[in-house]
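# Coordinates in review
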Amino acid sequence: AELLHKAASELVPEGRFHLVGHSLGGFSAINYAAKFPGRVASVTSIGGFMRGRANGLEGALQFLAGGNLLRKALFYFGFWVLKRHVLLLKAATFAYARDWQAYASFPALDETLSEVFPDVRNHSIAAQRAFCRYMLDMDLFDEVCGIETPVLVVAGEKDPIIPYQH
């Protein structure tokens, strides 16, 4: 919320604004609205979440990120492997999918991963570890009841990664 506030203050120095976020951005938008309610006119969270503690591959990464020397080494090695080739990244992304067959048949999967891969290669592994460790302690459930601005949460009924029930 504090990082988003810094950017928002530069882009929109005064008044309230509408905030839209997807996935982690949805989480960040809700977090921002809870901490800076006077700045937010409305929030749209698309595929956002309320708790930073993850399941699946992200949960495993959080477990490794929060650990001792061996777990830290495994975390670094895992990210190093993901950065080697787009096919390794693709294989890892299947762990995110609730319905891997629907995910595999997504028409833009290869194109999307090819577009994202250069950014993945540029990510600092140390920063990714710090982020995974930090997210473990994030929980907005106690704060969301204080949000008085309109909030629209949008979820895809057939989203293979974050199902509607989530």
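Refer to the structure printed above.
Residues numbered from 1 in each chain as written. Predicted model: local features only at pLDDT ≥ 70, side-chain atom pairs only at ≥ 80, totals over all residues. Heavy atoms only, no water.

## Here's the deal with a nonpolar patch on the surface
This is how it is decided: Within this analysis, patches are made of residues with over 30% relative accessible area and no salt bridge. Like charges are joined at 9 Å or less; nonpolar side chains (Val, Leu, Ile, Met, Phe, Trp, Tyr) at 5 Å or less. For the area figures, the Shrake-Rupley method with a 1.4 Å probe applies, and any residue is considered shielded solely by the protein chains shown. Within this document, salt bridges are pairs made up of a side-chain nitrogen of Lys or Arg and a carboxyl oxygen of Asp or Glu, the two lying within 4 Å of each other. Put simply, DSSP marks the helices as runs of H or I at least four residues long and the strands as runs of E at least two long, and each gets a number from the N terminus on. The buried label applies to any residue whose accessible area, calculated with a 1.4 Å probe on protein chains only, is under 20% of its type's maximum; exposed applies above 50%, and partly exposed to all values in between.
A contiguous nonpolar surface patch, about 220 Å² in accessible area, is contributed by Val-20, Ile-46 and Val-154. By the secondary structure assignment, Ile-46 is in strand β2 (residues 40–46). Judged by its relative accessible area of 31%, Ile-46 falls in the partly exposed class.

## Some words on the pairing of strand β1 (residues 17–22)
Our working rule: Any two strands are treated as partners once DSSP identifies two or more bridges connecting them.
In β1, alternate side chains face the same way, and those of Phe-17, Leu-19 and Gly-21 are buried while those of His-18, Val-20 and His-22 on the opposite face are not. In terms of strand pairing, β1 meets β2 through six bridges, oriented parallel. For Val-20, the partnering residue across the bridge sits in β2 and is Thr-44.

## Concerning the nonpolar core
Under the convention used in this document: Residues belong to one nonpolar core when they are buried, are Ala, Val, Leu, Ile, Met, Phe, Trp, Tyr or Cys, and are joined through side-chain atoms within 4.5 Å. Between two residues, a contact is recorded if the distance between any of their heavy atoms is within 4.5 Å.
Counting residues in hydrophobic clusters, the biggest one holds 17 residues, and the most contacted among them are Leu-61, Phe-75, Phe-79, Leu-82, Leu-89, Leu-113 and Cys-132. At the level of elements, α3 (56–65), α4 (69–82), α5 (86–93), α7 (109–122) and α8 (125–135) are the ones that each hand at least two residues to this core. At four residues, α7 tops the list of elements feeding residues into this core. With sequence-adjacent residues up to four places away left out, Cys-132 is seen in contact with Leu-61, Gln-62, Ala-65 and Phe-75. Residues Phe-27, Ala-29, Val-43 and Ile-147 belong to the second largest nonpolar core, which totals 14 residues.

## Thoughts on the packing of helix α1 (residues 2–11) against helix α2 (residues 24–35)
Note the threshold: Axis definition: a line fitted to C-alpha atoms, limited for helices to the stretch in contact. Angles are taken between N-to-C directions and run from 0 to 180 degrees. Roughly parallel means an angle under 35 degrees; roughly antiparallel, over 145; roughly perpendicular, 65 to 115; everything else is oblique. By the convention adopted, Pro, Cys, Tyr, Trp, Phe, Met, Ile, Leu, Val and Ala count as nonpolar, Lys, Arg, Asp and Glu as charged, and the other residues, Gly among them, as polar.
Remark: α1 packs on α2, axes separated minimally by 9 Å, with the N-to-C direction vectors making an angle of 80°. If you check the angle between α1 and α2, you find them roughly perpendicular. Mapping the contact onto sequence places Glu-2, Leu-4, His-5 and Ala-8 in α1 and Ser-28, Ala-29, Tyr-32 and Lys-35 in α2. Classifying every residue of the contact of α1 with α2 gives four nonpolar, two polar and two charged.

## Looking at the packing of aromatic side chains
So the rule is basically this: Working definition: a ring pair exists when centres of Phe, Tyr or Trp rings (six-membered ring for Trp) sit within 6.5 Å. Plane angles under 30 degrees give stacked, over 60 give edge-to-face, the rest tilted. For a lysine, the NZ atom is tested; for an arginine, the CZ atom; a charge sits over a ring if that atom is within 6 Å of the ring centre and within 35 degrees of the ring normal.
Tallying each qualifying case throughout the model produces six aromatic pairs. An angle of 75° between the planes, with centres 6.4 Å apart, marks the rings of Phe-75 and Tyr-76 as edge-to-face. In this structure Phe-75 comes out as buried when scored by relative accessible area, which is 0%. When the centroid spacing of 5.1 Å and the interplanar angle of 85° are considered together, the rings of Phe-94 and Tyr-103 count as edge-to-face. Given a relative accessible area of 24%, Phe-94 falls into the partly exposed group. A connected cluster of aromatic rings, assembled from ring pairs, spans Phe-17, Tyr-32 and Phe-36. Taking the ring centre of Phe-63 as reference, the NZ or CZ of Arg-71 above it sits at 3.8 Å.

## A closer look at unusual backbone geometry
Residues other than glycine seldom take positive phi values, yet Ser-23 does so here, at roughly 60°. Note that Ser-23 resides in the loop between β1 and α2.

## Notes on the layout of surface pockets
The condition is simple: As defined here, a cavity is a set of points on a 1 Å grid over the protein atoms alone where a 1.4 Å probe fits but cannot get out. A pocket is an open set with protein on both sides within 12 Å along at least five of seven lines, and residues line them when an atom is within 4 Å of a point. Grid points are joined across faces, edges and corners, and a volume is the space filled by probe spheres set on the points.
In this structure, the second largest pocket encloses a volume near 290 Å³. Taken together, Ala-1, Glu-2, Leu-3, Leu-4, Leu-24, Phe-27, Ser-28, Asn-31, Phe-131, Tyr-134, Met-135 and Met-138 form the lining of the second largest pocket. Only α1, α2 and α8 provide two or more residues apiece to the lining of the second largest pocket. With four residues, the single largest contributor to the lining of the second largest pocket is α2. Considering only residue class, the lining of the second largest pocket consists of nine nonpolar, two polar and one charged.

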